[in-house]
Amino acid sequence: MAECHPVGFQWVMEAKARGAKVIHVDPRFTRTSAVADLHVPLRAGSDIVFLGAIINYVLANEKYFREYVVNYTNAPTILTEDFADTEDLDGLFSGFDAEHRSYDREAWRYQGGDMSAAAGRRDRPSAEDRRKHREVRAAARGEAHGAGGAPAHSDPDRDETLTSPRCVFQVLKRHFSRYTPEMVQQVCGVPPDAFAEVCEALTENSGPDRTTAFVYSVGWTQHTVGVQYIRTAAILQLLLGNIGRPGGGILALRGHASIQGSTDIPTLFDLLPGYLPMPHVHGNEDLATYLDAESMDKGFWANMSTYMVSLLKAWWGEAASKDNDFCYDYLPRLTGSHSTYETVVAQIDGKCQGYFLFGENPAVGSANGRMQRMGLANLDWLVVRDLAMIESATFWQNAPEIETQEMRTEDIGTEVFFLPAAAHTEKNGSFTNTQRMLQWHHEAVEPPGDARSDLWFAYHLGRRIRAKLASSTDTMDRPVLDLTWDYPVTGPLAEPSADAVLAEINGWDAQRRPLSSYAQLKDDGSTACGCWIYCGVRADGVNQAARRKPGREQSWVAPEWGWAWPLNRRILYNRASADPDGKPWSERKALVWWDEDAGKWTGHDVADFVADRPPSFRPADDATGVAAISGIDPFILQADGKAWLFAPAGVLDGPLPTHYEPQESPFTNPLYGQQRNPLREIIRHRQNPLQPVGDEPGADVFPYVTTTYRLTEHHTAGGMSRNLPYLAELQPEFFCEVSPELAAERGLTNAGWATIITARTAIEARVLVTERIRPIEVQGRRLHQIGLPYHWGANGLSTGDSANDLAHLSLDPNVHIQEVKAMACDIRPGRRPRGPAVRELVREYARRAGITDDTGTAL
């Protein structure tokens, strides 16, 4: 965090100055480690064992927050006799379909109550229909609803003594029982004394009077089990009572200022704004079936019809009416996964002819960069909008494949349009950060020359397309022609008003009066709202995101600095900060509480609950929607009102986190016969060869583990920072971090050159011999890990090979993210070969490892 998010890290340092303990768990000793109270190095790719063993410690030693766990999680919920755990099936859960590599999550359901898939679906589909639905949903449902799915399990059987062998609590206990300190030492390389220190620190600082926070970034997400890493942390935090309370939570640090915003109002293929699911071809034929399939019986997701209809009204305005399903048919339908990596394959195979890049540099920043560049070289046209001439715009003249003679400039037919983009200082707009807080930024200067904002480009491109289609009578063109596209423009550049866009996102009623809450949204077409969770950001017609009241002039929650969704709540699910009777767990950790005299929830934050619902409220048996939320159901967006220790739906690759080895690992899985995530998404393509693992023949050809990371002095794929003299001087060359032991073993010299090889390619880097990255003992042998910053490419003042060229395309099945934080490789002294010889070197390694088209693809 100190290295990659130094501005945010100031708050960690301020907390430490007040007595907070900082623990850093990372393969490398970094700037964060230097100021931490404890640094725990571990093997990249082993975090679930580490976290799972802490869970085992908490359960075995009864360190959990019992009253919180019993009342606010699904720990007491009983599972059916059909459920079988990984302990029973050697690394698989019940419901596994080996042929289609998917799970039938009916086998994970609760016992008792209504176990329908969603509010309106009561007839059980056929096995073939369920399989078809699973395939499409598996490709496109990992992020919907903010929790991955919308099952309804109303009124399941419960055992609040937590003693039933089939209650979630006991299932969880058994699941993690073999995740022990000894297993942590064997798999993670963490000594028992260091592990014990972490366990004691976490549990001593959790409970009614104290809380602990977890902070993570792509070191957790970029794995084939990335989502399950975060799930494991969530389980641990729930057991300790650290969710929904001040000083607790799990904080995702984003790669830049508005990554949170780019999922809220998504740049993702599978989502609509506010985590509404993108319709798919099976089961979402019209608006009614979509809502039946995707909404819930209970809680605020039961109001999905109001969110969806208001979105459609925001997009198509007067054209959207009840008679035409509010233009629902204008939305595309998903047929499977359409992530960036499937798109690359479509480019290479000639199925995708055109491509837009907005501030992305896949030639450097995406996994298997060689494959990315080959895709770009097979397009008809490419539009690149960026601040500098990045490698994705110049691949046709200076890609590594030009040097290896795999591509020739004269043979590349891609017509590249480079359009200079405005920086954030040259435009108005908002950032949404890890706290879900929108903060408005103002234009300081006009963009120079031909540079324009992304908003300008999107608006004027749309305007021109609509003008060209104005006389069309083809129904295919109606979705474009019927769009609301009347944003005001100002100034000599005809810049669209960002505030007007924010107003549309916020929403209005039939009289175009701004709305102040998503509770005001209607499904009759009388309200419009571009993103239901952002409703209220322009309450009273005021840009709430632009507020900048100094901290000394307001409370410690600082509600008048920016605006956090939803409804300016600074801590989600904060009903959990009070006990079942509505009283704070302790005065020290008081946040919101029930005011009996006033008959409402009050406190320091906006209560994330039904404002006038008392703790004593219990809904009628036939209650639905918001009316079905009891006074002790803090997790109001979950189908049962409880936090899920066990996930009966939403997570595609298992209801409980399970340790699987990375796609390419030098080790076998010591916990299960199932080596890797059985649902990992493998991009099978000739340009994506995979390596043998564990004790398979040829695995020893790639004996080391490498992990990628960022530097303070450079930014992501480097397009911004490598072109700035000061930053390029501070970090002038691509390098690899190796330990003195590895340097001696491989004949590497500090400041000399090394070549790093995987089955995809070979790259060269300067050698940094350092104690910051130390060998660890794993499964009885000494493991060396190699650190690779990924900022370099062919352009700029500082150039070098790209670390991401080494990476494979085996993805997390929930969110389709690449695994670049734990890869097996080899390293050798000296520079890589030049020209075609580099490909011959890679082929030599493939021959030695016995790599075929099927290597690495087995279950």
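Right above here is the structure, for reference.
None of the values given here were measured: they were computed from a predicted structure.

Sorry if this is basic, but what is going on with the overall build of the protein chain here?
In terms of helices and strands, the protein chain carries 25 helices and 28 strands. At 27 Å, the protein chain has a C-alpha radius of gyration in line with the 29 Å of a compact globule built from 859 residues. C-alpha extents for the protein chain along the principal axes are approximately 75 × 70 × 60 Å. With 859 residues in all, the protein chain has 59% of them scored as buried. When contacts within the protein chain are restricted to residue pairs at least 6 apart in sequence, long-range pairs at least 24 apart make up 71% of them. Looking at the protein chain as shown, the accessible area adds up to about 33500 Å², and 52% of this sits on carbon and sulfur atoms. With 86 positive and 112 negative side-chain charges, the protein chain shows a separation of 2 Å between the mean positions of the two kinds.

In this structure, what is going on with the pattern of salt bridges? I would like to understand it.
It is possible for side chains bearing opposite charge to pair when their charged atoms get close. The full count for this structure, using the stated rule, is 38 salt bridges. For Arg31, the salt bridge is made with Glu3, and the minimal N-O distance between the two is 2.9 Å. Highlighted residues: Arg31 in helix α2 (residues 31–35) and Glu3 in the segment before α1 (9–17), separated in sequence by 28 residues. Residue classification places Arg31 among the partly exposed positions, given a relative accessible area of 40%. Residue Glu3 is classed as buried on the basis of its relative accessible area, which comes to 11%. For Arg174, the salt bridge is made with Asp88, and the minimal N-O distance between the two is 2.6 Å. On the criterion of sequence distance, the pair formed by Arg174 in helix α7 (residues 168–175) and Asp88 in helix α5 (residues 86–89) is long-range, its members being 86 residues apart. Here Arg174 falls in the partly exposed class, since its relative accessible area comes to 42%. With a relative accessible area of 42%, Asp88 lands in the partly exposed category.

It is not clear to me how helix α14 (residues 304–316) should be interpreted in this structure. Could you clarify?
Because the α-helix completes a turn every 3.6 residues, residues three or four places apart line up on one side. Its 13 residues give α14 an end-to-end C-alpha distance of 18 Å, which sits within 8% of 18 Å, the value for a rise of 1.5 Å per residue. Among the 13 residues in α14, 12 count as buried, and that is most of the element. All buried positions along α14 are accounted for by Met304, Ser305, Thr306, Tyr307, Met308, Val309, Ser310, Leu311, Leu312, Lys313, Ala314 and Trp316. Phi turns positive, to about 50°, at Gly317, one or two residues after α14.

What's the story with the side chain of Ser33 in this structure? I'm lost.
Here Ser33 is to be found in helix α2. For Ser33, a relative accessible area of 4% puts it in the buried group. A polar atom in the side chain of Ser33 sits 2.7 Å from the side chain of His24. A polar atom in the side chain of Ser33 sits 2.9 Å from the backbone nitrogen of Thr30. Ignoring anything within four residues of it in the chain, the contact list for Ser33 reads His24, Arg28 and His39.

I tried to follow the nonpolar core on my own but got confused; where do I start?
Where a protein is soluble and globular, its nonpolar side chains tend to be buried together. The biggest cluster of nonpolar side chains holds 133 residues, and the ones touching the most others in it are Phe50, Leu239, Leu276 and Met308. In terms of residue count, helix α3 (residues 47–60) provides more of this core than any other element does, 9 residues in total. Not counting residues within four places of it along the chain, the set of residues in contact with Phe50 comprises Val25, Val40, Leu42, Val184, Cys188, Val190, Phe195 and Val198. Grouped together as the second largest cluster of nonpolar side chains are 28 residues, Cys352, Met371, Ile390 and Val820 included.

When you look at the sheet that holds strand β13 (residues 437–441) in this model, what are you seeing that I'm missing?
Sheet strands pair by backbone hydrogen bonding; their relative direction is either parallel or antiparallel. Taken together, the 3 strands give an open sheet; going across it, the order is β12-β13-β16, and neighbouring strands pair in antiparallel fashion. In this open sheet, the two strands that pair with only one neighbour each are β12 (429–432) and β16 (563–564).

Just to check I follow, could you spell out a negative patch on the surface for this structure?
Together, Asp155, Asp157, Asp621 and Asp622 line one region of the surface with negative charge. Relative to the helices and strands, Asp621 is located in the loop between β18 (600–603) and β19 (681–682).

Can you help me understand the environment of Val489 in this one?
Looking at the element boundaries, Val489 is found in strand β14 (residues 489–490). Spatially, the C-alpha atom of Val489 lies 9.2 Å from that of Trp456, the residues being 33 residues apart in sequence. Val489 has contacts with Tyr459, Ala494, Glu495 and Pro496, leaving out every residue within four places of it along the chain.

I'm lost on helix α11 (residues 226–239) in this one. Help?
Given a rise of 1.5 Å per residue, 14 residues ought to cover 20 Å, and the 21 Å separating the end C-alpha atoms of α11 matches this to within 8%. Of all 14 residues that make up α11, 12 are buried, and the element is covered over most of its length. Those residues of α11 that sit buried are Gly226, Gln228, Tyr229, Arg231, Thr232, Ala233, Ala234, Ile235, Leu236, Gln237, Leu238 and Leu239. One or two residues past the end of α11 sits Gly241, with phi positive at roughly 75°.

Is there a simple way to explain the environment of Ile636 in this structure?
On the secondary structure map, Ile636 appears in the loop between β18 and β19. Put simply, Ile636 and Phe609 are 27 residues apart on the chain and 7.1 Å apart in space, counted from C-alpha to C-alpha. When residues no more than four places from it in sequence are discounted, the contact partners of Ile636 are Gly299, Phe300, Tyr573, Asp608, Phe609 and Ile629.

Is there a simple way to explain the environment of Arg385 in this structure?
On the secondary structure map, Arg385 appears in strand β10 (residues 381–386). Judged by its relative accessible area of 3%, Arg385 is buried. Along the chain, Arg385 and Glu443 lie 58 residues apart, while their C-alpha atoms are 19 Å from each other. Not counting the four nearest positions on each side in its chain, Arg385 is found in contact with Leu357, Phe358, Gly359, Leu419, Pro420, Ala421, Arg452, Ser453, Asp454 and Phe457.

What is the right way to look at the pairing of strand β22 (residues 753–757) in this model?
For β22, a buried count of 4 out of 5 residues is recorded, marking the element as mostly surrounded by other parts of the structure. Sheet analysis places β22 next to strand β23 (residues 762–769), joined by 5 bridges and oriented antiparallel. When the bridges of β23 are listed, Trp753 appears paired with Arg766. Linking β22 back to β23 in an antiparallel pair, the connection comprises 4 residues. Pairing between β22 and strand β28 (residues 823–829): 4 bridges, direction antiparallel. Bridge assignment links Ala754 to a residue of β28, and that residue is Pro829.

What exactly am I supposed to notice about the state of the cysteines here?
By definition, a disulfide links the sulfur atoms of two cysteines through a covalent bond. Taken as a whole, this structure holds 0 disulfides when the rule is applied. You can see Cys531 has no disulfide; the closest cysteine sulfur is in Cys529, sitting 6.7 Å from it. On the basis of relative accessibility, which here comes to 1%, the residue Cys531 falls in the buried class.

Would you mind showing me how to read the packing of helix α15 (residues 340–348) against helix α17 (residues 369–376) here?
A pair of packed helices can be characterised by two numbers: the angle between their axes and the separation between those axes. Following both chains from N to C, one finds α15 and α17 inclined at 50°, their axes separated by 7 Å at the closest point. One element, α15, and the other, α17, form an angle in the oblique class. Two packed elements cross with a definite hand, and for α15 against α17 that hand is left-handed. Taking contact as the criterion, the partners of Tyr341, Val344, Val345, Gln347 and Ile348 in α15 are, on α17, Met371, Gln372, Met374, Gly375 and Leu376. Tallied by class, the residues present in the contact of α15 with α17 amount to 7 nonpolar, 3 polar and no charged.

Cut-offs used in this document
- Residue numbers here run from 1 along each chain, matching the order of that chain's written sequence.
- Totals for whole chains, interfaces and linings use every residue, but because this is a predicted model, local features are given only for residues with pLDDT of at least 70 and side-chain atom pairs only at 80 or more, for both listing and counting.
- The side-chain figures draw on all heavy atoms in the structure; neither hydrogens nor water molecules are used.
- Each helix corresponds to a stretch of at least 4 residues labelled H or I by DSSP, and each strand to a stretch of at least 2 residues labelled E; elements are numbered beginning at the N terminus.
- Computation of the radius of gyration draws on C-alpha atoms, with the globule rule given as 2.2 Å multiplied by the number of residues to the power 0.38.
- Residue burial is assigned from relative accessible area. The probe radius is 1.4 Å, only protein chains are included, and a residue is buried under 20% of its type maximum, exposed over 50%, and partly exposed in between.
- We call two residues in contact when some of their heavy atoms are within 4.5 Å.
- Computed with the Shrake-Rupley method and a 1.4 Å probe, the accessible areas treat only the protein chains shown as cover for residues.
- Positive: Lys, Arg. Negative: Asp, Glu. His and the chain ends are not part of the count.
- All charge positions are set by atom: Lys at NZ, Arg at CZ, Asp at CG, Glu at CD.
- Think of a salt bridge as a Lys or Arg side-chain nitrogen and an Asp or Glu carboxyl oxygen that are within 4 Å of each other.
- Each helix should span, by expectation, one fewer than its residue count multiplied by 1.5 Å.
- Under the rule applied, a polar contact is a pair of N or O atoms within 3.5 Å (in protein, one hydrogen donor and one hydrogen acceptor; residues adjacent in sequence only if both atoms are side-chain atoms).
- We define a nonpolar core as any set of buried Ala, Val, Leu, Ile, Met, Phe, Trp, Tyr and Cys residues linked to one another through side-chain atoms lying within 4.5 Å.
- DSSP bridges decide pairing: two strands pair if at least two such bridges lie between them.
- Like charges within 9 Å and nonpolar side chains (Val, Leu, Ile, Met, Phe, Trp, Tyr) within 5 Å are joined into patches, using only residues over 30% in relative accessible area that form no salt bridge.
- Here, two cysteine sulfur atoms that lie within 2.5 Å of each other are counted as a disulfide.
- Note on geometry: axes are C-alpha line fits, over the in-contact stretch for helices, and angles between N-to-C directions span 0 to 180 degrees.
- Convention used here: angles under 35 degrees read as roughly parallel, angles over 145 as roughly antiparallel, angles from 65 to 115 as roughly perpendicular, and any remaining angle as oblique.
- Note on convention: the crossing is left-handed when the near helix lies turned anticlockwise from the far helix by less than a right angle, right-handed when the turn is clockwise.
- In this classification, Asp, Glu, Lys and Arg are treated as charged, Ala, Val, Leu, Ile, Met, Phe, Trp, Tyr, Cys and Pro as nonpolar, and every other residue, Gly included, as polar.

Structural measurements only, silent on function.
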